[in-house]
Amino acid sequence: MNIRYLHTMVRVKDLDKTMAFFKLLGLEETRRIDNDKGRFTLVFMAPPGQPECPVELTHNWDGDEGLPSDSRHFGHLAYRVGNIYEMCQKLMDAGVTINRPPRDGHMAFVRSPDNVSIELLQEGDHLPPAEPWANMENTGHW
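The residue numbering used here restarts from 1 in each chain and proceeds along that chain's sequence as written. Restriction of local features to residues with pLDDT of at least 70 applies here, the model being predicted, together with a cutoff of 80 or more for giving and counting side-chain atom pairs; totals for whole chains, interfaces and linings are based on all residues. The basis for every side-chain value is the complete set of heavy atoms in the structure, and neither hydrogens nor water enter the calculation.

*Asks:* Tell me about the pairing of strand E8 (residues 117-122), and name the residues and values.
*Replies:* Whether a residue is buried, partly exposed or exposed follows from its accessible area with a 1.4 Å probe, protein chains only, as a fraction of its type maximum: under 20%, in between, or over 50%, in that order. Elements are defined by DSSP. Helices are runs of H or I of four residues or more, strands are runs of E of two residues or more, and each kind is numbered from the N terminus. Of all six residues that make up E8, six are buried, and the element is covered over most of its length. Burial along E8 is two-sided: the residues Ser 117, Glu 119 and Leu 121 and Ile 118, Leu 120 and Gln 122 are all buried. Following DSSP output, two strands are said to pair if at least two bridges run between them. Of the strand pairs in this sheet, strand E5 (residues 74-81) and E8 are connected by five bridges, and their pairing is parallel. Along E8, the bridge assignment pairs Val 81 with Gln 122.

*Asks:* Explain unusual backbone geometry to me, using residue names and the numbers behind them.
*Replies:* Across residues other than glycine, the phi torsion is negative in most instances, and most of the peptide bonds are trans. Here the residue pair Glu 131 and Pro 132 is connected by a cis peptide bond, since its omega of 10° sits within 30 degrees of zero. Structurally, Pro 132 can be placed in the segment after E8.

*Asks:* Could you give an account of the sheet that holds strand E7 (residues 107-111), naming the residues involved and the relevant values?
*Replies:* In a beta sheet, neighbouring strands are held together by backbone hydrogen bonds and run either parallel or antiparallel to one another. Spatially, eight strands are ordered E2-E3-E4-E1-E5-E8-E7-E6 in an open sheet, and the strand pairing comes out mixed. The sheet is open, and its two borders are formed by strand E2 (28-35) and strand E6 (98-100), each paired with just one other strand. Here the average twist between neighbouring strands, direction ignored, is 30°. As judged from the seven bridges shared by strand E1 (residues 3-11) and E5, these two strands associate in the antiparallel manner. Among the inter-strand pairings, Tyr 5 is bridged to a residue of E5, identified as Tyr 79. Against the sheet, helix H3 (residues 84-93) engages E1, E5, E6, E7 and E8, with an angle of about 145° to E8. Working convention: axes come from line fits to C-alpha atoms, limited for helices to the stretch in contact. Angles between N-to-C directions cover 0 to 180 degrees. Any two residues having at least one pair of non-hydrogen atoms within 4.5 Å are treated as being in contact.

*Asks:* Quick rundown of the pairing of strand E4 (residues 55-60)? Include the residues and the values.
*Replies:* Most of E4 sits inside the fold, with five of its six residues counted as buried. The pairing of E1 with E4 spans four bridges and is classified as parallel. In the strand pairing of E4, Thr 8 is matched with Val 55.

Right under this line is the structure:
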């Protein structure tokens, strides 16, 4: 079963100031997604020549009252997997709670024993909906 690191996500209150900070560290913007429907912007920044090692800055346009609380900044680690259903089954068989099941055949969330949120994303196209995932409810939060 293959797995590939994707990014670490952090929530930011002031996108411009945060980007300026990461630019001081030497990171550069590699990708940007503005989502009008969800009212958020994702900016991926990485060291020069290392686009595979980004930090994802998530900025909610309507603010985030939880910021700047330390507990709200860190979002999740993200990994791409070869088969999201197989990975989730393997984790579930080992006693891991699937907090956000891969109902869409694309994305799931779990938590580490230390409560770190982990996003799993299907490599390539979404897999067709399949049970038990298609109708599984969320458990807790991620």
